[in-house]
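# Survey of secondary and tertiary structure
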Amino acid sequence: MVAFEEILRTIGEFGLFQKLLTFGLTFQYFLIPIFFCSFLFIESDPERHCNTDWILRADPNLTTDEQLNLTLPREDDGTFSRCRMFVPVDWDIGAIREYGLNETTGCNNGWVYSKTLYDATIVTDFDLVCDKSTMVEVVQTVFLFGALVGSFIFGPIAESYGRRRTVQLPVVLSLIFAIVAGVAPNFYIYIVSQFIVGVGLSGYRINSVVLATEWIGVTQRSFAPCLAQISGALGKCAMAGLVYAIRDWRIVQYVLAGGQAIVLLYIWWIPESARWLLGQGRIEEAHKFIHKVATFNKKKIPENLLEDVTGEQQVHRGGIKSIFTSKVLVKYLFIVSFAWFSVNLGGFCLSLNVGKFGLSIFLVQLLFGVSEIPAHLLCIWVLELIGRKKSLISILLTGGFVCLLTVAFPQDSTVAITVLVTTGRLFFNWAGSVCVLYIQELFPTSVRQTAVGLGSIAFRVAGLLSPSLNMLATYYWFLPIIVFSSLVVVSGVLVFLLPETCNKELPDSTAESEGNRNLTTKKAGSDSNVDEHNSSKSTKL
């Protein structure tokens, strides 16, 4: 039986179709960072005071200073309390001036905000201050929990229902609930919408790159995950500029929904993975898509090539059981998932602290995005030059040690710390790209999406834990950095136990995955088979 990779070499490993497919699937990654705007670009403790307009009923001509002096208690440092007010009374203004007010209460009528960096944020719209100040962290956690749930849902079902449907549905969910978040009248509707958006984005991320990769030939396979990360980096730059120009989080949500609508228009034209269709025994559908791609790439398919490739095609049924009954696959899953967990824990800890490095939040966010672009461009070249294994080991160890260097600087060294964490985060994102590609190449088609889903669960658990890990900074500012950097270094050491997958064909069965080191040798005759078909058979579409 001839390998599916031979079909890709015949119809084009990275032709016009694959380029358009990759661009279409990775454009959504440009929008994904913007979904974080509403709970990243905030002032967690804005200038404010309780709304005390009740006293204007006694004297509507009071100046602002008089109103605050009569209705607000003062802190020990002489400033007005930002979380307490005097209990409203039904007295005339003369009595209030003469006797004064002593009994205090919380801000029952909301707050008045001043000197804010933004026109509107979830903090000011939903009054997430004082006793509700921890709700911003709750939003972050709920969003990331939604992403975790999305990994549980959309990873395994992609094996049964295909890659295409599990890419389309998340786009619909993200569009609908981006709009719902923008019009949310209260915090509860907003937080539910963020949970569902997290589910959708996670489902899209774990399925889109797999769909693109399964249509790309062995020599260009690193393009899909690396271009997805480049698109995400550009999105981070755009996010900084967008929020700098539009300081209202609700308007940003509407702009985001417009971008999602564009994705929704073309996502229905994305084809299913022919490799997955063949694995499910749906030969005719696979043939149809293969012929369409060949026509699009202006290639001719040798007569009987498809019959030779698929005539002996076996239907491979996968699932979680197939992974956990193989010691080799369990080892692969643990190591890659642990590396993915570690870099994402570090990446999210740094991202969620984007406004706490002492420099402008817009500048730091822009630096995060700009610094990633050359790294991911370089990633494409490095992955093919030295392979997946050496790349991942060097990236993990370098990123971990760079972040550990921040401990050597005092907390007020804002420039040095920003440079180091930006560099470390660059390596973490780079490692994430390699992990996405590596896990696809280690696992067979029958369980590839399940493996990516399980790895993504570890990835999402790390994101879920990152707000809690950041809380350790209240004891010592460098504790979170020491924890996630150490984990990254350990994961880099564990990667030594993985095989190399560069220039090896994607495995279609568990047996091929377990014999990964020999895949190239076993299938080495593929090129000669193509030449033989081209020379001895007539060609037709």
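Residues numbered from 1 in each chain as written. Predicted model: local features only at pLDDT ≥ 70, side-chain atom pairs only at ≥ 80, totals over all residues. Heavy atoms only, no water.

### Here's the deal with the nonpolar core
Inclusion rule: What makes a nonpolar core is a set of buried Ala, Val, Leu, Ile, Met, Phe, Trp, Tyr and Cys residues whose side-chain atoms join them at distances within 4.5 Å. Only protein chains enter the accessibility calculation, which uses a 1.4 Å probe; a residue whose area is less than 20% of its type maximum is buried, one above 50% is exposed, and one in between is partly exposed. In this description a helix means any DSSP run of H or I spanning at least four residues, a strand means any run of E spanning at least two, and both kinds are numbered starting from the N terminus.
Counting 145 residues, the largest nonpolar core has Y190, W215 and F443 as the members making the most contacts within it. At 14 residues, the largest contribution of residues to this core is made by helix α18 (residues 414-442).

### Considering the state of the cysteines
Operational definition: Cysteine sulfur atoms are paired as a disulfide whenever they come within 2.5 Å of each other.
Applying the stated rule across the entire model yields two disulfides. Residue pairing for C83: its cysteine sulfur links by disulfide to C130, the two sulfurs lying 1.9 Å apart. Sign of the S-S torsion, about -90° for the bond between C83 and C130, identifies this disulfide as left-handed. You can see C83 sitting in the loop between α4 (64-71) and β2 (84-86) and its partner C130 sitting in the loop between α6 (122-125) and α7 (135-161), a full 47 residues away along the chain. Taking the relative accessible area as the measure of exposure, C83 reaches 27% and is therefore partly exposed. Disulfide connectivity for the protein chain, with bonded cysteines indexed by sequence position, reads 1-3, 2-4. C37 carries a free sulfur, and the closest cysteine sulfur to it, the one in C237, is 13 Å from it. Take C502: it sits in no disulfide, and the sulfur closest to it among the cysteines is that of C379, at 11 Å. You can call C502 buried: its relative accessible area is 12%.

### Section: the packing of helix α17 (residues 361-404) against α18
Put simply, the test is: The axes are straight lines fitted to the C-alpha atoms, using for helices just the contacting stretch, and the angles between their N-to-C directions are given from 0 to 180°. Oblique is the label for any angle not covered by the other classes, which are roughly parallel (under 35 degrees), roughly antiparallel (over 145) and roughly perpendicular (65 to 115). Helix crossings get a hand from a simple test, with the near helix turned counterclockwise from the far one by less than a right angle marking a left-handed crossing and a clockwise turn marking a right-handed one. Residues are sorted three ways: Asp, Glu, Lys and Arg are charged, Ala, Val, Leu, Ile, Met, Phe, Trp, Tyr, Cys and Pro are nonpolar, and all the rest, Gly among them, are polar.
Where α17 meets α18, the closest approach of the two axes is 5 Å, and the angle between their N-to-C directions is 45°. Overall, the two elements α17 and α18 adopt an arrangement that is oblique. Considering how the two elements wind past one another, α17 and α18 form a crossing that is right-handed. A breakdown of the residues in the contact of α17 with α18 according to their chemical character gives 23 nonpolar, 11 polar and five charged.

### Some remarks on the packing of helix α2 (residues 16-31) against helix α9 (residues 187-213)
Test applied: Here, residues are in contact when the closest pair of their heavy atoms is within 4.5 Å.
Remark: α2 packs on α9, axes separated minimally by 10 Å, with the N-to-C direction vectors making an angle of 160°. Comparing their axes, α9 and α2 come out roughly antiparallel. As for the relative orientation of α2 and α9, their crossing is left-handed in sense. The residues of α9 that touch α2, namely those facing L21, T22, G24, L25, Q28 and Y29, are L201, Y204, R205, S208, V209, L211 and A212. Taken together, the residues of the contact of α2 with α9 break down into eight nonpolar, four polar and one charged.

### Here we look at the packing of aromatic side chains
The condition is simple: Each aromatic pair joins two rings of Phe, Tyr and Trp (for Trp, the six-membered one) with centres within 6.5 Å, and gets the label stacked for planes under 30 degrees apart, edge-to-face for over 60, and tilted for any other angle. Lysine and arginine charges are scored as sitting over a ring when NZ or CZ, respectively, is within 6 Å of the ring centre and within 35 degrees of the ring normal.
A full pass over the atoms with the stated rule returns 22 aromatic pairs. Judged by centre distance (5.3 Å) and plane angle (55°), the ring pair of W340 and F459 falls under tilted. With W340 in helix α16 (residues 327-351) and F459 in helix α19 (residues 445-470), this pair connects stretches of sequence that are 119 residues apart. By relative accessible area, which is 5% here, W340 ends up buried. We note R247 situated over the ring of Y244; from NZ or CZ to the ring centre the distance is 4.7 Å.

### Considering the confidence of the model for the protein chain
A low pLDDT score tells you not to read the predicted coordinates there in detail. Here is the rule we go by: Per-residue confidence from the prediction method is given by pLDDT, with values spanning 0 to 100.
Per-residue pLDDT for the protein chain has a mean of 84; in total, 91% of the residues score no lower than 70. Counting contacts from residues 517-541, a segment whose pLDDT is below 50, to residues more than four positions away or on other chains yields 46 contacts.

### Focus on helix α13 (residues 283-296)
Operational definition: By this rule, a helix spans an expected 1.5 Å times one less than how many residues it contains.
An ideal rise of 1.5 Å per residue puts 20 Å on 14 residues; α13 measures up with 20 Å between its terminal C-alpha atoms. Trailing α13 by a residue or two, K298 shows a phi angle of about 60°, which is positive.

### Describing the pattern of salt bridges
Which entries qualify depends on this criterion: Each reported salt bridge corresponds to a side-chain nitrogen of Lys or Arg within 4 Å of a carboxyl oxygen of Asp or Glu.
Counting across every chain of the model gives 12 salt bridges. Between E214 and R448 there is a salt bridge, with the nearest N and O atoms lying 2.8 Å from each other. One end of the pair, E214, is in the loop between α9 and α10 (223-245); the other, R448, is in helix α19, and 234 residues separate them in sequence. E214 sits in the buried class, given a relative accessible area of 1%. Each of E5, R221, R275, E384, R388 and E441 takes part in a single network of salt bridges with overlapping partners.

### Details of a nonpolar patch on the surface
Rules: By definition, no residue in a patch forms a salt bridge, and every one has over 30% relative accessible area; like charges are joined within 9 Å, nonpolar side chains (Val, Leu, Ile, Met, Phe, Trp, Tyr) within 5 Å. Note on areas: Shrake-Rupley, 1.4 Å probe, and residue coverage restricted to the protein chains presented here.
Together, I179, V183, I251, Y254 and V255 make up a nonpolar patch on the protein surface, roughly 410 Å² of accessible area in all. At three residues, helix α11 (residues 249-267) tops the list of elements feeding residues into the nonpolar patch. Residue placement: I179 occurs in helix α8 (residues 165-183).

### Structural notes on the side chain of R48
Position of R48 among the secondary structure elements: in strand β1 (residues 48-50). Discounting residues that sit within four places of it in the chain, R48 has contacts with R82, C83, W111, V112, Y113, V129 and C130.

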